[in-house]
Amino acid sequence: MTSPTPQQPQQTPGAQQPAHPTESADVPQQAPASRAPQEPEPYEETRIERAIGRGFRYATGRALAPYQTAVIRIGISVTWLLFLLREWPHRAVLYGPDSPWSLDMARRLLGGNHAFSVLPWSDGRGWFEAVYLLAIVAAALLMLGWRTRTMSVLFMVGVISLQNRSIFIGDGGDNVIHLMSMYLVLTRCGQVWSLDARRAKRAAAAADGTDGAAAGTRDLPGVILWAVLGLALAAAQLGGNYGLSWFDNGPFPHLGWSLVLWGLWATHGLWWAVQRYAPGEPRVVLDTLAKLAHNGALLVIMVEVCLIYATAGWYKIQGSRWQDGTAVYFPMHLDYFSPWPALSELLGSNGVMIMLITYGTVIVQVAFPFTLFNRRLKNVLLVVMICEHLSIAILLGLPFFSLAMITADAVFLPTNFLTWLSARLSGLRERLFSRGGPARPAGGEPDTRTEHSGDGHTLVG
């Protein structure tokens, strides 16, 4: 077969022939319109990435548990303040020049365990009295929440200086105060129930509706306090006093007390300068780091309390007197631990009561860390432990130990209970001190979760 001859298109009558039939072949054909580039598909985060993002926002979004940390601040400072005031007549025997544990013995011990204390800096009685008074003033001001960041550092220095001077004085509560004094330095424990919170609320009200971007940053008393403390630290550093090393024998490996104290002093100054002159992104960065430090210290406090109860409970299980249910009987019959002999005799003579208290103490201490993820059961055991410490204060005469432990337990108090308590105290204050005017709204406090906030409950509330 032969291929068919292609047919030419028929011309319509009147149609004009092109002048150059081959022109169309020389002109390139117009390329078809290019397709619009496809938009990339949106990136979908994996489950792990979403979990990490939520955790980061939770850890840096806000300073958690403002009421719980305020209770710890007030409780620990009150405990230490009452102890120092009670021992005022005996202060020279406990920590001063009249102590049987002489200053030379203390210096040798501090040189061996690398603990920090400012008392070995001088042998004079005046220096001891000044340190003791500083510890009292710092505890009182921290309790009130005045210059909380600065007072927390001075409170820590006072606590560790006195306790490390005579380490054999204490009833167990001193260890809790020692640890909490260092943790409080890293927390924002003055967000509520403090003079700092009231001053911040008044500054915000004064700047409302005005050009108050720098309101509240012109803090002359704070600047003077910061400068005086810097000069005092510089004088101590230049004097070559004990414990002020840069990279050895500090609270952390390779961080000496000089580096820690100067770092805290510089951080306070940097925070003020950023608030005053760079309120934008630098302030956001520092605020995020401060929230992270606060939440990290809060987690450490919670773990510390759990370890105290877990170790105490498991060690009790190994004791034969705790196993047979008679352990509580013996301290109740010691004169040193019997401030109320009649009451101790009444309880100590009841075998069933002794057995229930003994076994109940072990069960509560061992079980408490495992109940933290059940809010209601945790709150029940929390009430039981608080009652247990109150009974220790009354029956065994250990009020400061009990008060320190109750304060440490407060980190697990429900937030709703503390906000309810805050509202009731505010209402009582308004009724007692108002001058007939309308009650002011309780504002200026950080947001907290309630039963209907939708955020659920955490270990601290």
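Preceding this section is the structure that the text describes.
Now for a quick tour of the structure. Note that the structure is predicted; figures quoted are calculated from it, not measured.

Thresholds, definitions, all that
- Sequence order as written defines the numbering, with residues in each chain counted from 1.
- With the structure being a predicted model, the display of local features is reserved for residues of pLDDT at least 70 and the display and counting of side-chain atom pairs for 80 or more, all residues being used for whole-chain, interface and lining totals.
- Think of the side-chain values as coming from all heavy atoms in the structure, minus any hydrogens and water.
- When two rings of Phe, Tyr or Trp (its six-membered ring) have centres within 6.5 Å they constitute a pair, described as stacked for plane angles under 30 degrees, edge-to-face for angles over 60, and tilted for the intermediate range.
- The numbering of helices and of strands both runs from the N terminus, where a helix is a DSSP run of H or I of at least 4 residues and a strand a run of E of at least 2.
- Type-normalised accessible area, obtained with a 1.4 Å probe on protein chains alone, sets the label of each residue: buried when under 20%, exposed when over 50%, and partly exposed for intermediate values.
- A pair is scored as a salt bridge if a Lys or Arg side-chain nitrogen falls within 4 Å of a carboxyl oxygen belonging to Asp or Glu.
- Two residues form a contact once any of their heavy atoms are found within 4.5 Å.
- Expected helix span is computed as 1.5 Å times (number of residues minus one).
- Our arc is simply the arc of the directions from the helix axis toward the C-beta atoms.

### Some words on the packing of aromatic side chains
If you walk through the whole model with that rule in mind, you get 17 aromatic pairs. With a centroid separation of 4.2 Å and an interplanar angle of 5 degrees, the aromatic rings of Trp 226 and Trp 265 are classed as stacked. Of this pair, Trp 226 sits in helix 10 (residues 220-238) while Trp 265 sits in helix 11 (residues 257-277); the two residues are 39 residues apart in sequence, bridging distant segments of the chain. Trp 226 sits in the partly exposed class, given a relative accessible area of 31%. By relative accessible area, Trp 265 is classed as partly exposed at 24%.

### Remarks on the pattern of salt bridges
It is possible for side chains bearing opposite charge to pair when their charged atoms get close. This structure, assessed with the given rule, holds 11 salt bridges. Arg 125 is paired through a salt bridge with Asp 98; the nearest N and O atoms lie 3.7 Å apart. Of this pair, Arg 125 sits in helix 6 (residues 125-144) while Asp 98 sits in the loop between helix 4 (91-94) and helix 5 (103-113); the two residues are 27 residues apart in sequence, bridging distant segments of the chain. Taking the relative accessible area as the measure of exposure, Arg 125 reaches 39% and is therefore partly exposed. Here Arg 188 ties to Asp 287 by a salt bridge, and the two come within 2.6 Å at their closest N and O atoms. A residue pair is termed long-range when its members are at least 10 positions apart, and Arg 188 in the loop between helix 8 (173-184) and helix 9 (195-207) and Asp 287 in helix 12 (residues 281-317) qualify at 99 residues. Via salt bridges that share partners, Arg 91, Asp 98, Arg 125 and Glu 129 belong to a single interconnected network.

### Observations regarding the environment of Leu 162
Considering the arrangement of structural elements, one finds Leu 162 in helix 7 (residues 148-165). In this structure Leu 162 comes out as buried when scored by relative accessible area, which is 0%. Taking the C-alpha atoms as reference, Leu 162 lies 7.8 Å from Tyr 132; in sequence the two are 30 residues apart. Beyond its immediate chain neighbours, meaning those up to four positions away, Leu 162 contacts Trp 80, Leu 84, Tyr 95, Leu 119, Tyr 132 and Ala 135.

### Notes on unusual backbone geometry
Here Arg 147, not a glycine, exhibits a phi torsion of approximately 50 degrees, which is positive. On the basis of relative accessible area, Arg 147 is assigned to the buried category, the value being 10%. The backbone of Asn 249 shows a phi angle near 60 degrees, a positive value even though the residue is not glycine. Among the secondary structure elements, Asn 249 is positioned in the loop between helix 10 and helix 11.

### So, helix 9
Over its 13 residues, helix 9 extends 18 Å from the first C-alpha to the last, a length consistent with the 18 Å expected when each residue adds 1.5 Å. Listed in full, the buried residues belonging to helix 9 are Asp 196, Ala 197 and Ala 207. Looking straight down helix 9, one finds that the buried residues subtend no more than 100 degrees of arc, so they occupy a single side. Set apart from the buried face of helix 9 by more than 90 degrees, the exposed residues are Arg 202, Ala 205 and Ala 206. Those residues of helix 9 that are buried are in contact with helix 7.

Coordinates in, geometry out; function isn't part of it.
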